[in-house]
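Fold and contact review
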Amino acid sequence: MITAIIVAAGKGERAGFAENKILKELNGLPALSYSLSACSEADEMIVVCREEDEERIKKLLSPFPNAKICRGGATRAESVYRGLKAAKGEIVLVHDAARPFISRKTVSDCVACVKEYGSGVCALPSTDTVVYAENGNIVSVPPRANVYTVQTPQGFYREKLLQSYECALRDGAERFTDESGIYLAYVEPPRLFLGERENKKLTYPEDFKPAERVGFGVDTHAFYAEDEGAPFVNFITLAGVRIPSDKILKAHSDGDVLVHALMDALFSAAGLRDIGYHFPDSDPQYKNADSMKLLSEALSRVKDAGFSPKNVSLSILAETPRLSPHIDRMKENLSDALGLPPNAVGIAAGTNEKLGYIGEKKGITVYACVLCSKQ
Ligand code: CTP
Ligand code: MG
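None of these values were measured; they are calculated from a predicted model. (Residues numbered from 1 in each chain as written. Chains lettered and ligands numbered in written order. Predicted model: local features only at pLDDT ≥ 70, side-chain atom pairs only at ≥ 80, totals over all residues. Heavy atoms only, no water.)

Next up on the list: the pairing of strand E14 (residues 241-244). Along E14, the buried face is formed by Val241 and Ile243; none of Arg242 and Pro244, which line the opposite face, is buried. Pairing of strand E13 (residues 235-238) with E14 involves four bridges; the strand directions are antiparallel. Within E14, the residue paired with Leu238 across the bridge is Val241. In textbook terms, the turn of a hairpin is the stretch between consecutive antiparallel strands, and for E13 and E14 this stretch comprises two residues, one of which, Ala239, has a positive phi near 50°. (Buried < 20%, exposed > 50% of the residue type's maximum accessible area, 1.4 Å probe, protein only. Helix = DSSP H or I, 4+ residues; strand = E, 2+ residues; numbered from the N terminus. Pairing = 2+ DSSP bridges.)

Pairing within the open sheet is mixed, and its seven strands lie in the order E5-E4-E1-E6-E10-E7-E11. If you trace the sheet from one side to the other, it starts and ends with strand E5 (67-71) and strand E11 (192-194), each paired once. Strand-to-strand twist of the sheet, defined as the mean angle between neighbouring strand axes without regard to direction, takes the value 30°. Pairing analysis gives three bridges linking strand E7 (residues 119-125) to E11, with the strands arranged parallel. (Axes fitted to C-alpha atoms, helices over the stretch in contact; angles between N-to-C directions.)

Of the pockets and cavities examined, the largest pocket occupies roughly 750 Å³. Around the largest pocket sit 31 residues that line it, and Gly10, Lys11, Arg14, Lys21 and Arg76 are the ones nearest its centre. Elements supplying a minimum of two residues to the lining of the largest pocket: helix H3 (76-86) and strand E10 (148-157). For the lining of the largest pocket, the class distribution of residues is nine nonpolar, eleven polar and eleven charged. Approximately 390 Å³ is the volume attributed to the second largest pocket. Along the wall of the second largest pocket there are 19 residues; nearest its centre are Phe235, Thr237, Ser253, Asp254 and Gly255. Among the elements that take part in the lining of the second largest pocket, E13 stands out by supplying three residues, more than any other. Considered class by class, the residues forming the lining of the second largest pocket number nine nonpolar, six polar and four charged. (1 Å grid on protein atoms, 1.4 Å probe; cavity = no way out; pocket = protein on both sides within 12 Å on 5 of 7 lines; lining within 4 Å. Points joined across faces, edges and corners; volume = space filled by probe spheres on them. Nonpolar A, V, L, I, M, F, W, Y, C, P; charged D, E, K, R; others polar.)

See the structure below:
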């Protein structure tokens, strides 16, 4: 029988969030959930946690009937010890909840290593030179080929690890940072197995990259044909800029086809419905609407959904009018409206080589792509 002990009873002080870092959302799920999934094939999972996180953690355990909770202690060693006392497995794997990127392969490699060698400590060969220093001076330089950085999980036979923890806690466990040191001091040199670079520990706020989402939008507007009685204006509007044009775009609003494609891309990145849903053209309030105003409304809906744009990339296909003299002003307008630096707004314009409806000057199409981060 195998027990995975997932230690989650720290405070996450260095991460500095209002909540414990192991409950912080990562790509839509609390960090702890990833370790639970990766270890779920163990016969038993014990999550060691603080009293104040217990309610939230219990909810995360509901998909895992083999998981239960145990109360942690003031230090990591104390928390691991409590987990060991609660565990029933012959083999135990100790894993930090602060390492959510653990794979199932690493878990099974750990178990296999324990079965073959009696212990299995997840480690990576060091890519940096590691030195031993005292008072700011290098005292010795171990050969890099012998230097590893140690991660979790770390697997052992429970009885042996429990005994070594009892000795360490009796003698003062402060000098040990993990199981491997304690096992080495009181039992025998533990065996290493090769881990994965992705299995990083989340310690500081910058280790928690916000989730990112792309969004894509397309819009096409037709020009009035010669015999269709276009309104008496001589411009089209793109990104709020009036661009002199013989041909006039048909539209319910101001016909800003570029902003419409952009709004669809923004809504799409945030997983919201499209522009037709948010601003229906059956609604008289949007007749002749200023699309730049709609853009700021769209942006606030996207922000309410928890997303903000990081950069936008737009491609305009138009045989006419000539756009290049206006691109800089269009970029300025969009960077102001979206609150982005000018170099985060890209606009390309081209013809369609006289092909199709664009080439025949029957209309304009714009493609928009945005990258949003989750706030
Ligand atoms: N841990 C624990 N009990 C403690 C201290 C730490 O179970 N008393 C756990 C943490 O929840 C984490 C792992 O041990 O999953 C590694 O510890 P660390 O990265 O130091 O996390 P924290 O102690 O929470 O962070 P900090 O030191 O910044 O407060
Ligand atoms: Mg700590």
